[in-house]
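Structural features, examined
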Amino acid sequence: MTVPVINWHMLMPELVIVLTFVIVMVFDLFKSIRKSILAWVTIIGSAIALWASVEMLHAGVNGSQFNGMLAVDRFSMFFKIIFLVSTILVSLISINYLDRGDKRQGEYYVLILLATLGMMLMASGNELIVVFLGLELMSLSLYVLAGYFRSVQVSSEAGMKYLLLGAFASGFFLYGIALIYGGAGTTSIPEIASVLEDGEKSPLMLAGMFLLIVGFGFKVALVPFHQWAPDVYEGAPTTIAAFISAGPKAAGFAAFLRIFTSALESLQPEWIVVIVILAALTMTVGNVIATAQSNIKRMLAYSSVAHAGYVLVALAAANKDGISSAMLYLLVYCVMNIGAFAAVILATTEDGENLKISDYAGLGFRKPLLALFLSIMLVSLAGFPPTAGFVGKFYVFRSAVDAGHIWLVVIAAINTAISAFYYLRVVVVMYMQEPDEELEYHAYPGLLVFTLLLATIGVVLIGVLPSYFLGPAQISTQFF
Amino acid sequence: MNAEPILFIAFGALALIGAVAVIGFKNPVYSAIALIVTFFAQAGLFILLGAHFVAAVQVIVYAGAIMVLFLFVIMLLNLGSVDVDRPKAGIAKGAAVILGIVFALEGVYIAVNASKGTAVARVKRESAVGGGSISAMQLKELNKIQATYQLTRDEIDTEYVPKVAAADKTVEDLTADEARTLIQTLQGEMGKTERIGTVLFSKFLLPFEVTSLILLAALIGVIALVKREEPKEVS
């Protein structure tokens, strides 16, 4: 028996996160410690892991650990940066949000950290089993977080729905892995690629591939597997809705990209058709239904469904440009989406969350700073220059045009126009409508404003200097 | 006569009947008992695949521990027979039936063509030619087994080759027929507990450790959901 030689340096980001959640668990035991300390430990731990990931991306790591089970490459590092940025932003907006009601804060941050660890394993997993375990670690933590406010009925409902449909999707995913194992005789991603290269296409592999698409489709909420998303986003605590819409979606796409452009590269003619159809469906259905929503959380849920469709457009390009533009898009999307949710939290009143879009009437005059931030996020989500949303969409569309998917880009462009309608409607309501009644808003909590400021700086910075962010993505498309 | 196909059909049928019975019974206790039948039948299928350890775990953990827990909860909750609203025939039901049939047909198609183009099929095809010496494909398969189960070529030469051929032969001198038997023997050996233990702590160390984290996440999640909340107003 040969014990694997482990290079601990290469596992820095993961190890730091493990250490952080252990510290949070221990700190939670002391009654005298203020609960916000737990959030700060989470943020500092994530920041250290983020720093390690950035360093490793710069150093150009390209190796694997645990007998090739875990790829430590720049691709995974780029995604780890996305996850950790999301975790830090979500922890920042959670501090005030949790202080408003719930007392159980230790488990909340531990579960967020465990979900982050699961995402990191999904991005790094070079073996279908590891990807699946990462997916389960992430999903299990998220099911609980979605139903975290037990006394709120919609929250319990969200948790239950997410659990049932998520478990169902995991079944599809696992069955897909089993069939691929049956066809290739291995679950290692590079080995599957080499088996497929010198063999004919067995129906087992094809069936496994389709089941994987269904499994991923559920996890990243593609149409027609998106039904859970609006209910879960609406019912879950708003901070968790922000978290679910950002990191886990990026993690799903990280594994999606690695498996489909590496292991199943030889089956590209088969999967590209499915991806193109799913992309067109996801964008159109997501955007059209979003226009009809009156609840802002549901609107953001459908908009996040639509954004998954844009990422699929990049995946349909199926080349290096496609991968790097998908990576940049996911980074941009995570920052602006968490920003938008943070603004939603800020806009709540003393007597509850006012989530109707009509409640935002007149916000532009009564809360000018908040309205300005929210407007920037929405303009970016719609994809107007000079924001990050424009840059993300631009590179995605360009990669798809270069790959010859002209009509898919036409559909995407039409969808962008549709999405502009419902994003800008909120801005119009904020600045041009008079409120029906005077609402008592929470005071500006400093941290939430700070988070929004960070997100805004990020959105504008990526929008103005895209090459600083696209560059690292472009050199990170090589899988180990 | 080879008993394997008969046993496979028997266990497979039993597993299916049990599974249908689980959702068919109105009394939850009967459903739980039917689930035990399915678990046992699955354990039988695992044995047929040479996975003895997994079969034993299946019986001990699933048919044993988890089912006791299930029955306990059902009895504690004192559930009588539950009236489930069966969905009326409608578009949804019709669509479900059609999709189910399509899915079943796909399953049949895959099952019929399953071996086409797979690595296993190629090994079989090349060794079916018979005669000759060990083929490149078989060597590749052996290398894979070797890598997966952390064996050395020496171990195979000294321990397993004598079981299928003359003792002084090494892997390279085997005939194709002998090599096929060797691969089968090795695959059979590998279900043993000792080998699984070795593999879990060497090649599959990472998944093994991650599994413990998943259990921890589940544990923390359950505590977070059932812990007594301090009284507060609901926002």
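It should be emphasised that the depicted structure is a prediction, and the values quoted were computed from it without experimental measurement. (Residues numbered from 1 in each chain as written. Chains lettered and ligands numbered in written order. Predicted model: local features only at pLDDT ≥ 70, side-chain atom pairs only at ≥ 80, totals over all residues. Heavy atoms only, no water.)

**Quick word on the overall build of chain B**
- Within chain B, the regular secondary structure consists of 10 helices and zero strands.
- A burial count over chain B gives 31% of its 235 residues as buried.
- Sequence-distant contacts, at least 24 apart, represent 59% of the contacts inside chain B between residues at least 6 apart.
- For chain B, the accessible area works out to roughly 14,700 Å², and carbon and sulfur atoms hold 70% of it. (Helix = DSSP H or I, 4+ residues; strand = E, 2+ residues; numbered from the N terminus. Buried < 20%, exposed > 50% of the residue type's maximum accessible area, 1.4 Å probe, protein only. Contact = heavy atoms within 4.5 Å. Areas by Shrake-Rupley, 256 points an atom, 1.4 Å probe, with all protein chains shown as cover.)

**Re the overall build of chain A**
- If you tally the helices and strands in chain A, you get 19 helices and two strands.
- At 21 Å, chain A has a C-alpha radius of gyration in line with the 23 Å of a compact globule built from 480 residues.
- Projected onto its principal axes, the C-alpha coordinates of chain A cover approximately 70 × 55 × 40 Å.
- Counting every position in chain A, which comprises 480 residues, the buried fraction comes to 66%.
- Long-range contacts, defined as pairs at least 24 residues apart, comprise 81% of the intrachain contacts of chain A with a sequence gap of at least 6.
- With an accessible surface of roughly 15,800 Å², chain A has 68% of that area assigned to carbon and sulfur atoms. (Rg over C-alpha atoms; globule rule 2.2 N^0.38 Å.)

**Let's talk about the packing of helix α15 (residues 368-382) of chain A against helix α18 (residues 446-464) of chain A**
All names here are of chain A.
- Look at α15 against α18: their axes get within 10 Å of each other, and the N-to-C directions meet at 35°. Read as a crossing pair, α15 and α18 show a hand that is left-handed. On α18, the residues that touch Leu369, Leu370, Phe373, Ile376, Met377 and Ser380 of α15 are Val449, Leu452, Leu453, Ala455, Thr456 and Val459.
- Tallied by class, residues from the contact of α15 with α18 come to 10 nonpolar, two polar and no charged. (Axes fitted to C-alpha atoms, helices over the stretch in contact; angles between N-to-C directions. Left-handed = near helix turned anticlockwise from the far one by under 90°. Nonpolar A, V, L, I, M, F, W, Y, C, P; charged D, E, K, R; others polar.)

**Structural notes on the nonpolar core**
Residues and elements named next belong to chain A.
- If you look at the biggest cluster of nonpolar residues, it comprises 203 residues, and the most contacted ones within it are Phe79, Ile259, Phe260, Leu264 and Trp271.
- Of the residues forming this core, the biggest block, 20 residues, is contributed by helix α13 (residues 320-346).
- With residues near it in sequence (within four places) discarded, Ile259 still touches Leu128, Val131, Ile189, Leu212, Phe216 and Leu264. (Core = buried A, V, L, I, M, F, W, Y, C linked by side-chain atoms within 4.5 Å.)

**Digging into the packing of aromatic side chains**
- A full pass over the atoms with the stated rule returns 28 aromatic pairs over all chains.
- Judged by centre distance (4.8 Å) and plane angle (55°), the rings of Phe256 of chain A and Phe260 of chain A are tilted. Residue Phe256 of chain A and its partner Phe260 of chain A are located together in helix α10 (residues 238-263), separated by four residues, close to a single helical turn. A single burial state applies to Phe256 of chain A and to Phe260 of chain A, both of which are buried.
- Between Phe39 of chain B and Tyr62 of chain B, the aromatic rings sit 5.4 Å apart at their centres with planes inclined by 55°, giving tilted as the arrangement. Linking Phe39 of chain B in helix α2 (residues 28-48) with Tyr62 of chain B in helix α3 (residues 52-77), this pair joins segments that are 23 residues apart in sequence.
- On the accessibility criterion, Phe39 of chain B (13% relative accessible area) is buried.
- Taken together, the aromatic side chains of Phe132, Phe173, Phe216, Phe253, Phe256, Phe260 and Trp271 of chain A make up a single cluster linked through ring pairs. (Phe/Tyr/Trp six-rings, centres within 6.5 Å; stacked < 30°, edge-to-face > 60°.)

**A word on the environment of Gly208 of chain A**
All names here are of chain A.
- Residue position: Gly208 is located in helix α8 (residues 203-219).
- For Gly208, a relative accessible area of 0% translates into the label buried.
- For the pair formed by Gly208 and Pro386, sequence separation is 178 residues and the distance between their alpha carbons is 42 Å.
- Beyond its immediate stretch of four places on either side in the chain, Gly208 contacts Gly176, Leu179 and Ile180.

**A word on the pairing of strand β2 (residues 70-73) of chain A**
All names here are of chain A.
- The alternating pattern of β2 places Leu70 and Val72 on one face and Ala71 and Asp73 on the opposite face, and all of these are buried.
- Bridge analysis of strand β1 (residues 62-65) against β2 gives four bridges, and the strand direction is antiparallel. Within β2, the residue paired with Asn62 across the bridge is Asp73. (Pairing = 2+ DSSP bridges.)

**Description of the pairing of β1 of chain A**
- Only one face of β1 of chain A is buried: it carries Gly63 and Gln65 of chain A, and the other face, with Asn62 and Ser64 of chain A, is open.
- Between β1 of chain A and β2 of chain A, which follow one another and run antiparallel, lie four residues, and Phe66 of chain A among them has a positive phi close to 55°.

**Side note on unusual backbone geometry**
Residues and elements named next belong to chain A.
- The step from Val223 to Pro224 runs through a cis peptide bond, and the omega angle for that step is 5°.
- Look at Phe66: it is not a glycine, yet its phi comes out positive at around 55°.
- Of note, the phi angle at Asn67 is positive, near 55°, even though the residue is not glycine.
- With respect to the secondary-structure elements, Asn67 resides in the loop between β1 and β2.
- For Asn67, a relative accessible area of 43% puts it in the partly exposed group.

**Here we look at the domain arrangement of chain B**
- Looking at the assigned domains, one finds that chain B contains domain 1 (1-81), domain 2 (119-190) and domain 3 (200-226).
- For domain 1 of chain B versus domain 3 of chain B, the separation of C-alpha centres amounts to 25 Å. (Domains from an automatic or database assignment.)

**What to know about the pattern of salt bridges**
- Evaluated as defined, the whole model comprises six salt bridges over all chains.
- Put simply, Glu157, Lys161, Asp231, Glu234 and Arg298 of chain A are held in one network by salt bridges that share partners. (Salt bridge = Lys/Arg side-chain N within 4 Å of Asp/Glu carboxyl O.)

**Focus on helix α16 (residues 388-402) of chain A**
Residues and elements named next belong to chain A.
- Between its first and last C-alpha, α16 extends 21 Å over 15 residues, near the 21 Å set by a 1.5 Å rise per residue.
- Regarding α16, the residues found buried are Ala388, Gly389, Val391, Gly392, Lys393, Tyr395, Val396, Phe397, Ser399 and Ala400.
- Each element contacted by the buried residues of α16 is listed here: α12 (296-317), α13, α15, α17 (406-432), α18 and α19 (467-474).
- Taken from the residues just after α16, Gly404 is the one with a positive phi, measuring 95°. (Expected span 1.5 Å × (residues − 1).)

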